[in-house]
Amino acid sequence: MFFVVDPDTEVSPQHSAEVWQHLWAMRNLAPVSAMLPAAVSSACPLLPDEAAGGVLMASLTAIPGGSAWVPLEVNLSRYMGDDGGVRLSLLDAALCAAVEKGEQGHDAMHWSCAAHDHDSKINRRLAIFVRGWGDVVARRGLDPESLATLRDMQRLANHVVTVLTAASRALANRNGYCPALDVAGAQVLQHGEEMNARWRRAIGENAVRHRNLLTMSPWDVFPRQEPADFRYTNLLPLLKCANSVSFRRDVDISHWNVNKFKGFHERVSAILRHSSGLPAIAKQV
């Protein structure tokens, strides 16, 4: 069971308090999970955001209903050297290998329904779940409240996006770009030769093989081998780099209280709203 909750929904203070108290009490009662309204963005700027109305069970990722995904995972902490730095050459190889594996996964997958089969062919969605952001900060001995730390981790997140996008573009050149681009461009091409030429130039500069690539969880800003230190919530802006958001939690929050639990979700919600112009939803699914 998943509760999609919107901290900005206009309800009475008493009702809001009751909802958060209820969610806090159930925080460790699998399979109950609290999720937030989220949009799914594309690795390609030519494809619009989509509202999430479903859940990818493999990683508790919010996804559009009826969409077909190949889930993969890359743990940043596995690519750290003895000096505490991330060994980018090894990380890049792992990211590129994940994109290649996801590409093969779509070709080999036997989907359970026609809608998933169609979405796979059109969008070739990947959920490359990059984890361990808080682990990297902790192992490097960085201050999670420092702006310099956030900027350093943002550079790493941007690097991950760049590598994933480049790998997908390379596959687009080899195997053809994501067919959803032709669907998105159908209306554009009706506006004459000039718009047609502009669209084709944009395709040449931005086309990718996979509509979605990077998945991140707000819970992964905390080091996973220790109780969640609330100072690490200053790393939550890293979520802006993700195409899809997972709500999987592998960190201990038993020392929190309901106010911290609510405050965490409010901060995450504000970041997700800032990253998308999609309207809010609040429902149980």
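Note: the structure precedes this text.
Residues numbered from 1 in each chain as written. Predicted model: local features only at pLDDT ≥ 70, side-chain atom pairs only at ≥ 80, totals over all residues. Heavy atoms only, no water.

A.B. asks: Would you mind showing me how to read the overall build of the protein here?
C.D. replies: Counting secondary structure elements, the protein contains eight helices and eleven strands. Across the 285 residues that make up the protein, the buried fraction comes to 51%. For the protein, the share of sequence-separated contacts (at least 6 apart) that also reach a separation of at least 24 residues comes to 79%. Of the roughly 13,600 Å² that the protein leaves accessible, carbon and sulfur atoms contribute 51%. (Helix = DSSP H or I, 4+ residues; strand = E, 2+ residues; numbered from the N terminus. Buried < 20%, exposed > 50% of the residue type's maximum accessible area, 1.4 Å probe, protein only. Contact = heavy atoms within 4.5 Å. Areas by Shrake-Rupley, 256 points an atom, 1.4 Å probe, with all protein chains shown as cover.)

A.B. asks: Which parts of the structure should I look at to understand the packing of helix α2 (residues 88-108) against helix α5 (residues 147-175)?
C.D. replies: When two helices pack together, their arrangement is given by the angle between the helix axes and the distance between those axes. Contact geometry for α2 and α5: axes closest at 9 Å, N-to-C directions at 40 degrees. For the element pair α2 / α5, the angle class is oblique. As α2 runs across α5, the sense of the crossing is right-handed. In this structure, α2 contributes L88, L91, D92, L95, C96, V99, E100 and E103 to the contact, and α5 contributes L156, H159, V160, V163, L164, A167, S168, L171, R174 and N175. Its residues assigned to classes, the contact of α2 with α5 comprises eleven nonpolar, three polar and four charged. (Axes fitted to C-alpha atoms, helices over the stretch in contact; angles between N-to-C directions. Parallel < 35°, antiparallel > 145°, perpendicular 65-115°, else oblique. Left-handed = near helix turned anticlockwise from the far one by under 90°. Nonpolar A, V, L, I, M, F, W, Y, C, P; charged D, E, K, R; others polar.)

A.B. asks: Just to check I follow, could you spell out the sheet that holds strand β10 (residues 244-245) for this structure?
C.D. replies: In sheet architecture, strand pairing relies on hydrogen bonds along the backbone and comes in two forms, parallel and antiparallel. Taken in spatial order, the four strands of this open sheet run β7-β8-β9-β10, and their pairing is parallel. Each having just a single partner strand, β7 (69-75) and β10 make up the two edges of the open sheet. With two bridges connecting them, strand β8 (residues 125-131) and strand β9 (residues 214-216) associate as parallel partners. Across the sheet, residue I128 finds its bridge partner in β9, namely L214. (Pairing = 2+ DSSP bridges.)

A.B. asks: Would you mind showing me how to read helix α8 (residues 258-274) here?
C.D. replies: Residues separated by three or four positions in an α-helix point in the same direction, a consequence of the helix having 3.6 residues per turn. In a regular helix each residue adds 1.5 Å, so 17 residues correspond to 24 Å; α8 covers 24 Å between its end C-alpha atoms and thus fits that length. Three or more residues of α8 are buried, namely V258, F261, G263, F264, H265, V268, S269, I271 and L272. Of the surrounding elements, those touching the buried residues of α8 are α1 (13-25), β2 (33-35) and β10. Where α8 starts, the residue carrying a side-chain oxygen 3.0 Å from the main-chain nitrogen of N259 turns out to be N257. (Expected span 1.5 Å × (residues − 1). Polar contact = N/O pair within 3.5 Å; in protein donor to acceptor, adjacent residues only side chain to side chain.)

A.B. asks: In this structure, what is going on with the state of the cysteines? I would like to understand it.
C.D. replies: One way to say it: the disulfide is the covalent bond shared by the sulfur atoms of two cysteines. Going through the model one piece at a time under the given rule, you end up with zero disulfides. The thiol of C44 is not disulfide-bonded; the next cysteine sulfur, from C178, is found 7.9 Å away. By relative accessible area, which is 0% here, C44 ends up buried. (Disulfide = S-S within 2.5 Å.)

Read these as geometric descriptors, not functional statements.
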